[in-house]
Amino acid sequence: MNTTAPLNNPHRNLFVQNLLTFFLNRQALAIGLVFASDSILFGSWVAHIPYVKAKLQLSDAELGLTLFAMPIGLLVMNPLTGWIIARLGEARSCFWSAVGLTLAVCIPLNAPNPYVLAIGLFLMGLNAALINVAMNTTATNLERARGIVIMSSCHGMWSLGGLLGSGIAGVVISLHMSPPTHLAVMAGLILLLTFALQPILSQIPSSSRTETGEKAGSSFVRPNLDLLLMILIGLALAMGEGAAFDWSAVYLRETLGASSQMAALGFASFSLTMTGFRFLGDAIIPKIGAKRWLQIGGVLAAAGLLFAIALPYPTTALIGFGLLGAGCSLGAPVLYAASMRVPGIPPAAGLATFATFSFIGFLAGPPLIGFVAEAFGLYYGLGFVAVMLLISAVLARMVKLF
């Protein structure tokens, strides 16, 4: 066997090597599964948003207002993430926030009124904020300790989880299983996985203490210009992701008249292209350049939404959401890594600050779409996100990626 044959293609070599490093490393795969389980729960939930909307007889604006409960939960948890992680450590923070999320995600589908729905979404926001910072910091810790690069692959696992979650939801809908039963089963499986992963995650070195031995309790800093530009770009890309999460099924079902099964495929299409590009990310980014990709990605994501709006048919909308996924795919891996290298800002603080603001865009974007949709129609709500994505492409020309 000629083991040196692939050497004539360095980019293919890098791609294969990165995937092997990720999937054959027990700890890397474990943290990747945390990313995936988080997204499986969200993917399972968003596929049933039309069900909740119809069950509680909510208008677009009422749904949008209720969805704001999740970003409020994130804002409440934001100042506490550093304090919690510093005392529990990253592994235990991942564990307890995952447990909390599996319990909270079952509340919205069983909500008898909008108030209980808002409480459930608020609790989801609390736990989502903590696990988002904890799992990204854990991945960074493992990269430093083992000298490997896994961030893009971890985000690929997150996208894969969303694909699996929404895909399974589509099958469940076609089999006429009740949405509350589906979420209860998925939450139970994720809970079992969470307990199984905890011993492995606890072996990953922690950065909850600094080199001087003091607890690294600060998870938020006032961003300088460089970090601010990263945050603004991240906000726009996260809004694109949030649009696919919370509104793709509603757009396909209610605006375009697609079946419930096809409506569930909107997020699946988005997740499929995002997953593929993220697993290719460690080969794509060095070849194209991180800054150039942010420009290309912003334009591609905006084009996908505009395509879904300009050609309002279920099939073309699925293609549009696929383009949106490709455009948004590598923004998070690029910007998460860059946020840790901003001069004058501690790496962990830069990461946590960027992650918090970008997740706000992910959660707050869908409610804003709801308000615009109520006033002008969902076409304009999605168009608003497309404009934000185009602005992110312009800002990408100005940002410095250290």
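Residues numbered from 1 in each chain as written. Predicted model: local features only at pLDDT ≥ 70, side-chain atom pairs only at ≥ 80, totals over all residues. Heavy atoms only, no water.

Caption draft 1: A look at unusual backbone geometry. Despite not being glycine, Gln 57 has its phi angle at roughly 55 degrees, a positive value. Following the sequence through the fold, Gln 57 ends up in the loop between helix H3 (49-55) and helix H4 (60-67). The class of Gln 57 is exposed, set by a relative accessible area of 69%. Positive phi, close to 65 degrees, is recorded for His 176, a residue that is not glycine. You can see His 176 is positioned in the loop between helix H10 (151-174) and helix H11 (179-201). (Helix = DSSP H or I, 4+ residues; strand = E, 2+ residues; numbered from the N terminus. Buried < 20%, exposed > 50% of the residue type's maximum accessible area, 1.4 Å probe, protein only.)

Caption draft 2: Structural view of a nonpolar patch on the surface. Residues Leu 65, Leu 368, Phe 371 and Phe 384 make up a contiguous nonpolar surface patch of roughly 330 Å² in combined accessible area. A relative accessible area of 32% places Phe 371 in the partly exposed class. (Patch = residues over 30% accessible without salt bridge, like charges linked within 9 Å, V, L, I, M, F, W, Y side chains within 5 Å. Areas by Shrake-Rupley, 256 points an atom, 1.4 Å probe, with all protein chains shown as cover. Salt bridge = Lys/Arg side-chain N within 4 Å of Asp/Glu carboxyl O.)

Caption draft 3: Structural context of helix H14 (residues 281-288). If you check which residues of H14 are buried, you get Gly 281, Asp 282, Ala 283, Ile 284 and Ile 285. In the segment just after H14, Gly 289 is the residue with positive phi, at about 105 degrees.

Caption draft 4: A look at the packing of helix H2 (residues 26-46) against H11. Contact pair H2 / H11: the axes reach a minimum separation of 10 Å and the direction vectors enclose 165 degrees. With respect to each other, H2 and H11 are oriented roughly antiparallel. Classified by chirality, the crossing of H11 by H2 is left-handed. Contacts between H2 and H11 involve Arg 26, Gln 27, Ala 30, Ile 31, Leu 33, Val 34, Ser 37, Ile 40, Leu 41, Ser 44 and Trp 45 on the former and, on the latter, His 182, Leu 183, Met 186, Ala 187, Ile 190, Leu 193, Leu 197, Ile 200 and Leu 201. Taken together, the residues of the contact of H2 with H11 break down into 15 nonpolar, 4 polar and 1 charged. (Axes fitted to C-alpha atoms, helices over the stretch in contact; angles between N-to-C directions. Parallel < 35°, antiparallel > 145°, perpendicular 65-115°, else oblique. Left-handed = near helix turned anticlockwise from the far one by under 90°. Contact = heavy atoms within 4.5 Å. Nonpolar A, V, L, I, M, F, W, Y, C, P; charged D, E, K, R; others polar.)

Caption draft 5: Region of the structure containing the packing of aromatic side chains. Overall, the coordinates contain 10 aromatic pairs when judged by the stated rule. Where Tyr 251 meets Tyr 379, the ring centres are 5.9 Å apart and the plane angle is 85 degrees; that geometry is what we call edge-to-face. Here the residue Tyr 251 occupies a position in helix H12 (residues 225-255), and Tyr 379 occupies one in helix H19 (residues 378-396), the gap between them amounting to 128 residues. Since its relative accessible area comes to 0%, Tyr 251 is described here as buried. In this structure Tyr 379 comes out as partly exposed when scored by relative accessible area, which is 31%. Every member of this aromatic cluster is reached through a ring pair, and the members are Phe 22, Phe 23 and Phe 279. (Phe/Tyr/Trp six-rings, centres within 6.5 Å; stacked < 30°, edge-to-face > 60°.)

Take it as geometry only, folks, not as evidence of what the structure does.
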